[in-house]
Amino acid sequence: MPVAASAIYFLNLRGDVLINRLYRDDVGGNMVDAFRMHIMQTKELGTCPVRQIGGCSFFYMRISNVYIVIVVSSNANVACAFKFVVEAVALFKSYFGGAFDEDAIRNNFVLIYELLDEIMDFGYPQNLSPEILKLYITQEGVRSPFSSKALDKPVPNATLQVTGAVGWRREGLAYKKNEVFLDIVESVNLLMSSKGSVLRCDVTGKILMKCFLSGMPDLKLGLNDKIGLEKESQLKNRPTKRYRITEGVNLPFRVLPTIKELGRTRMEVNVKVKSVFGAKMFALGVVIKIPVPKQTAKTSFQVTSGRAKYNASIDCLVWKIRKFPGQTEPTLSAEIELISTIAEKKSWTRPPIQMEFQVPMFTASGLRVRFLKVWEKSGYNTVEWVRYITKAGSYEVRC
């Protein structure tokens, strides 16, 4: 639910009202008295920025020597309310030359009332972009004598910008080559038991897009239904989609460890890593960290691919494979000599084996792009680039 603010107050440190604006009639005009009595006078301002008094909630924040208080009478989105306050303060600073304090409010109260009517309608936040608002609220604020920041000049053609309602893209953008880059980035989290059963597994992903397109085009993205997103999405803003799945995960690697403790001074470690993805694919930057006891004195090992070494600082055998082809099974065999101690040996709690990797053109969720279409009224040609990459999140196998 949005903020749905009933009122907003600007108070000084003494609790005097500098400016207030009532957006709804579901709260009384004495709400500021309740804030002074139950919060300011009890010296609880620094304990929690959200307080509930009676049937109303107070969200407040201190900026310089000013308290900004939002009063709501219903269940509102607290994060949205504080985001509104931060964006509103940045807007005021852009008009006041970089200063926002009690003096700036007293010197610009007419301008602030006009801005409050634009940035919030019936308690719901509206456009807070300084670039857009300065196109049709051209009044200059009274600048602080301590501010050296120059005021931004209004940009022409305000009607087109306001009706377009996009503060993040200016008019008249043009590129020599019109391109779209779409990245699907996934992170695989896995916890597998020593017997090979999956204890926890999920994939978190995001769809990122970077555009170098002239004008104001429409982009239509078609996806398969592997993750429950809409099959077709009309993208008219900066697109960033996030998703998470816990079922039907395609694991890129299988780790098969075998660790034998031979007496008190020797161990044998055998680890086989199988790549499950296609033979024409490959993983990059594969690192397998195999834990060993702290009293390790000497190690010797053989690997069928990559390089391995003992890292005493993290008590692990670190096995690195720069390029790991699909449908292969490299192995590591190691013999470990331990320091013999007189004290009674404690059982070694084996930490899990950890993996790091990146697999280009592979998705653990099975998500695929069916089509990516770009339409612009001038009809120019575009080049679309689609890339998939799957990385290791917390990828662990107990041994």
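Note that the structure is a prediction, hence the values are computed from the model and not measured.

Asks: Honestly, the overall build of the protein in this entry has me stumped. Any pointers?
Replies: The secondary structure content of the protein amounts to 6 helices and 22 strands. For the protein, the residues scored as buried account for 42% of the 399 residues in total. Within the protein, contacts between residues at least 6 apart in sequence are counted, and of these 68% link residues at least 24 apart. When the accessible surface of the protein is summed, it comes to about 21,900 Å², and 50% of that surface belongs to carbon and sulfur atoms.

Asks: I'm lost on the sheet that holds strand S13 (residues 253–262) in this one. Help?
Replies: What links the strands of a sheet is backbone hydrogen bonding, and the strands pair in either a parallel or an antiparallel sense. In spatial order, the strands read S13-S14-S19-S16; together these 4 strands make up an open sheet with antiparallel pairing. Taken across any chain shown, the strands that pair with only one partner, and hence form the sheet edges, are S13 and strand S16 (296–303). Geometrically, the sheet is characterised by an average inter-axis angle of 15° between neighbouring strands, direction not taken into account. Strand direction decides the pairing type here: strand S14 (residues 266–275) and strand S19 (residues 331–338), joined by 7 bridges, are antiparallel.

Asks: Whenever I open this one, the packing of aromatic side chains confuses me. Can you help?
Replies: The tally for this structure, following the rule as stated, stands at 15 aromatic pairs. Relative to Tyr60, the ring of Phe35 has its centre 5.3 Å away and its plane inclined at 70°; by these criteria the two rings are edge-to-face. Separated by 25 residues along the polypeptide, Phe35 in helix H1 (residues 31–40) and Tyr60 in strand S4 (residues 56–63) bring together distant segments of the chain. With a centroid separation of 6.2 Å and 45° between ring planes, the pair formed by Phe59 and Phe82 is classed as tilted. Here Phe59, found in strand S4, pairs with Phe82, found in helix H2 (residues 78–96); they are 23 residues apart in sequence, far enough to count as distant. For the pair Phe59 and Phe82, a shared accessibility class is recorded, and that class is buried. An aromatic cluster is defined as three or more aromatic residues linked by ring pairs; in this entry it consists of Phe253, Phe277, Phe324, Phe357, Phe362 and Tyr395. Over the ring of Phe371 we find Lys373, and its NZ or CZ is 5.0 Å from the ring centre.

Asks: Can you help me understand the nonpolar core in this one?
Replies: It is characteristic of soluble globular proteins that their nonpolar side chains tend to be buried jointly. Among the nonpolar cores identified, the biggest contains 38 residues, and Phe253, Val273, Val286 and Met355 are the most heavily contacted of them. If we ignore the near neighbours within four places in the chain, the residues touching Phe253 are Val273, Lys274, Ser275, Val276, Phe277, Ala283, Val286, Phe324, Met355, Phe357, Val359 and Tyr395. Membership of the second largest hydrophobic core comes to 35 residues, among which are Phe59, Ile63, Val72 and Ala88.

Asks: Would you mind showing me how to read the confidence of the model for the protein here?
Replies: Regions with low pLDDT should not have their predicted coordinates read in detail. Summary statistics for the protein give a mean pLDDT of 84 and a share of 86% for residues scoring 70 or more. This model gives residues 147–164 a pLDDT under 50, and the stretch forms 25 contacts once residues within four places in sequence are excluded. Across residues 230–238, confidence stays below pLDDT 50; counting only partners more than four residues off in sequence or on other chains, it has 26 contacts.

Asks: For this particular structure, what's the right way to read helix H4 (residues 109–119)?
Replies: Note: α-helices contain 3.6 residues per turn, so residues at a spacing of three or four share the same orientation. Restricting attention to buried positions, one finds in H4 the residues Leu111, Ile112, Leu115, Leu116 and Ile119. Looking straight down H4, one finds that the buried residues subtend no more than 135° of arc, so they occupy a single side.

Asks: Is there a simple way to think about the packing of H2 against H4 in this case?
Replies: Pairs of packed helices are described in terms of their axes, by the angle between the two and the distance that separates them. As a packed pair, H2 and H4 sit with axes 12 Å apart at the nearest point and diverge in direction by 140°. In terms of orientation, H2 and H4 fall into the oblique class. In this structure, H2 meets H4 at a crossing whose hand is right-handed. Across the interface between the two elements, Phe84, Ala88, Leu91, Phe92, Tyr95 and Phe96 from H2 touch Leu111, Ile112, Leu115, Leu116 and Ile119 from H4.

Asks: Quick question: what am I supposed to make of the sheet that holds strand S5 (residues 66–72) here?
Replies: With antiparallel pairing, 5 strands are arranged side by side in an open sheet as S2-S1-S5-S4-S3. Strands with a single pairing partner mark the edges of an open sheet, and in this sheet they are strand S2 (17–22) and strand S3 (50–53). Going across the sheet, the axis of each strand differs from the next one's by a mean of 20°, ignoring polarity. The sheet contact formed by S3 and S4 spans 4 bridges and is antiparallel. Each residue of the ladder has a partner; that of Arg51, found in S4, is Phe58. Seen against the sheet, H1 touches strand S1 (7–12), S2, S3, S4 and S5 and runs at an angle of roughly 70° to S4. Against the sheet, H2 engages S1, S3, S4 and S5, with an angle of about 35° to S4.

Asks: I keep staring at H1 and nothing clicks. Help me out?
Replies: Taken together, the buried positions of H1 are occupied by Met31, Val32, Ala34, Phe35, Ile39 and Met40. The buried side chains of H1 occupy one side of the element, clustering within an arc of 160° when seen end-on. Of the surrounding secondary structure, the elements contacted by the buried residues of H1 are S1, S2, S3, S4 and S5.

Asks: Help me out: how do you make sense of a nonpolar patch on the surface in this one?
Replies: A grouping of Phe109, Val110 and Tyr113 is seen on the molecular surface, where their side chains present a nonpolar patch of about 270 Å² in accessible area. Among the secondary structure elements, Phe109 is positioned in helix H4.

Asks: Please explain the pairing of S14 as it appears in this structure.
Replies: Looking along a regular strand, one sees side chains alternate from face to face of the sheet. Burial along S14 is one-sided: Met267, Val269, Val271, Val273 and Ser275 are buried, while Arg266, Glu268, Asn270, Lys272 and Lys274, pointing the other way, are not. Taken together, the 10 bridges between S13 and S14 define a ladder with antiparallel strand orientation. Counterpart to Leu262 in the pairing with S14 is Arg266. Counting the residues that bridge the hairpin from S13 to S14 gives 3 residues, and of these Gly263 lies at a positive phi of roughly 75°.

Quick notes on the rules
Residues numbered from 1 in each chain as written. Predicted model: local features only at pLDDT ≥ 70, side-chain atom pairs only at ≥ 80, totals over all residues. Heavy atoms only, no water. Helix = DSSP H or I, 4+ residues; strand = E, 2+ residues; numbered from the N terminus. Buried < 20%, exposed > 50% of the residue type's maximum accessible area, 1.4 Å probe, protein only. Contact = heavy atoms within 4.5 Å. Areas by Shrake-Rupley, 256 points an atom, 1.4 Å probe, with all protein chains shown as cover. Pairing = 2+ DSSP bridges. Axes fitted to C-alpha atoms, helices over the stretch in contact; angles between N-to-C directions. Phe/Tyr/Trp six-rings, centres within 6.5 Å; stacked < 30°, edge-to-face > 60°. Lys NZ or Arg CZ within 6 Å of the ring centre and 35° of its normal. Core = buried A, V, L, I, M, F, W, Y, C linked by side-chain atoms within 4.5 Å. pLDDT = per-residue confidence, 0-100. Arc of directions from axis to C-beta. Parallel < 35°, antiparallel > 145°, perpendicular 65-115°, else oblique. Left-handed = near helix turned anticlockwise from the far one by under 90°. Patch = residues over 30% accessible without salt bridge, like charges linked within 9 Å, V, L, I, M, F, W, Y side chains within 5 Å. Salt bridge = Lys/Arg side-chain N within 4 Å of Asp/Glu carboxyl O.

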